[in-house]
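One letter stands for each residue in the lines below.
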Amino acid sequence: MRRIVLLVCVLATGALLLLLRGTPPPSPPPAAGPPPPRATPAVSPSATPATARKERKERKERKVTRVPRSASGRFRVVSGTAPPGHGRGQVVRYLVEVERGLPFRPRAFAAAVHRILNDPRGWGHRFQRVDRPPARVRVALSSPALTDAQCLPLRTGGELSCWNGTRSVINAMRWAHGVKEYGGDLASYREYVVNHEVGHALGHGHESCPGPGRRAPVMAQQTKSLGGCRPNPWPNPDAPALTAGKVR
Ligand SMILES: [Zn+2]
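Rules used throughout
Throughout this description, residue numbers start from 1 for each chain and increase along the sequence as written. Local features in this predicted model are restricted to residues of pLDDT 70 or higher, and side-chain atom pairs are both shown and tallied only at a pLDDT of 80 or more, whereas totals for entire chains, interfaces and linings draw on every residue. With C-beta atoms placed from the backbone, a residue is labelled by how many other C-beta atoms lie within 10 Å of its own: buried for 20 or more, exposed for 12 or fewer, partly exposed between the two. The numbering of helices and of strands both runs from the N terminus, where a helix is a DSSP run of H or I of at least 4 residues and a strand a run of E of at least 2. Note on geometry: axes are lines fitted to C-alpha atoms, helical ones only across the stretch in contact, with angles between N-to-C directions running from 0 to 180 degrees. Roughly parallel covers angles under 35 degrees, roughly antiparallel covers those over 145, roughly perpendicular covers 65 to 115, and oblique covers all other angles. A pair of residues counts as a contact when their C-beta atoms, built from backbone coordinates, are separated by no more than 7 Å. Charged means Asp, Glu, Lys or Arg here, nonpolar means Ala, Val, Leu, Ile, Met, Phe, Trp, Tyr, Cys or Pro, and polar covers whatever is left, Gly included. Residues enter a nonpolar core if they are buried, belong to Ala, Val, Leu, Ile, Met, Phe, Trp, Tyr or Cys, and are joined to the set through C-beta atoms within 7 Å. You can read pLDDT as the predictor saying how much it trusts each residue, on a scale of 0 to 100. By this rule, a helix spans an expected 1.5 Å times one less than how many residues it contains.

This part takes up helix 4 (residues 144-151). For helix 4, the buried fraction is high: six of the eight residues fall into the buried class. Taken together, the buried positions of helix 4 are occupied by Pro 144, Leu 146, Thr 147, Asp 148, Gln 150 and Cys 151.

So, about the packing of helix 3 (residues 106-117) against helix 6 (residues 186-201). In the contact formed by helix 3 and helix 6, the axes pass within 10 Å of each other and the chain directions differ by 70°. Viewed along their axes, helix 3 and helix 6 adopt a mutual orientation that is roughly perpendicular. Two secondary-structure elements touch here, helix 3 through Ala 112, Val 113, Ile 116 and Leu 117 and helix 6 through Arg 190, Glu 191, Val 194, Asn 195 and Val 198. Of the residues contributing to the contact of helix 3 with helix 6, the split by class is six nonpolar, one polar and two charged.

Here we come to the nonpolar core. Core analysis: the biggest nonpolar cluster contains 37 residues, and Val 96, Val 113, Val 139, Leu 141, Ile 170 and Val 194 have the highest contact counts within it. For this core, the secondary-structure elements that each account for two or more residues are strand 2 (91-99), helix 3, strand 4 (137-142), helix 4, strand 5 (162-163), strand 6 (167-171), helix 5 (172-177) and helix 6. No other element matches helix 6, which puts six residues into this core.

All right, on to the confidence of the model for the chain then. Across the chain, the average pLDDT comes to 82, with 74% of residues at 70 or higher. Note on residues 1-46: pLDDT under 50 across the span, and 31 contacts to partners over four residues away in sequence or across chains. Counting interchain partners and residues more than four positions distant, the pLDDT-below-50 stretch residues 244-248 has six contacts.

With an omega of 0°, the peptide bond running from Pro 133 to Pro 134 counts as cis. In this fold, Pro 134 is placed in the loop between strand 3 (126-129) and strand 4. In this structure, Pro 153 follows Leu 152 across a cis peptide bond, with omega equal to 5°. With respect to the secondary-structure elements, Pro 153 resides in the loop between helix 4 and strand 5.

This brings us to the environment of Trp 163. Here Trp 163 lies in strand 5. Between the C-alpha atom of Trp 163 and that of Glu 197, which follows or precedes it by 34 residues, the distance is 5.6 Å. In this structure Trp 163 touches Ser 168, Glu 197, His 200 and Ala 201, once residues within four positions along its chain are discounted.

Taking 1.5 Å of rise per residue, the 16 residues of helix 6 would be expected to cover 22 Å, and the 23 Å separating its terminal C-alpha atoms lies within 8% of that figure. Of all the 16 residues making up helix 6, twelve are buried; the element is thus mostly covered by neighbouring parts of the structure. Within helix 6, burial applies to Tyr 189, Arg 190, Glu 191, Tyr 192, Val 193, Val 194, Asn 195, His 196, Glu 197, Val 198, Gly 199 and Ala 201. On the buried face of helix 6, the contacting elements are helix 3, strand 4, strand 5, strand 6 and helix 5. Remark: Gly 203 follows helix 6 within two positions and exhibits a positive phi of approximately 105°.

Pasting the structure below:
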């Protein structure tokens, strides 16, 4: 009994202190079990003042692209074509769609997707961009609202991207801002999301982290949890890069 009274006192004192300080109580820890799609902070907690400065700078830069929660709700196929990449892989015809009303240049998005898909570290196919069917894959840049609608019954919560059986739906909010698992490395996050969602289109399912410190498989749900693995955007990360980091 005395213990309960003491506990109540401790709780009451805590609440009083919080009231006096005028701060809200701390939020509860995340629930255990499979994580539902949820909002994540754009930047991880800072370890050092230098890191904090860098993260503040990145946050500022990313604010430049303001992605609306919803846009027109209609995709437009990006016009123009791009030849399949080199090599001996199978040619895969794909097309790119961008929701009308988003603050991205459709051709620039299509060029980024084409570079990523034809990188030697990619899926090993030769991706040919077309602007009319037939196409095996559609890669669509989509506002959070349209992503949620397109991805049902999967719950993307305005945050995640998906493969919905027809389209690799890339959430424009994350295309602009990245995810905390990739820190400030927006380019690598973009490579991950394209390879992952197109990986589904090619028939690949989810994989898990093979062990702490190892590279995450590209088909792991890296933006939900790395599970102790290191982020990795590539299906074949050991293949030589085409032109280190250049968008071309
Ligand atoms: Zn997935």
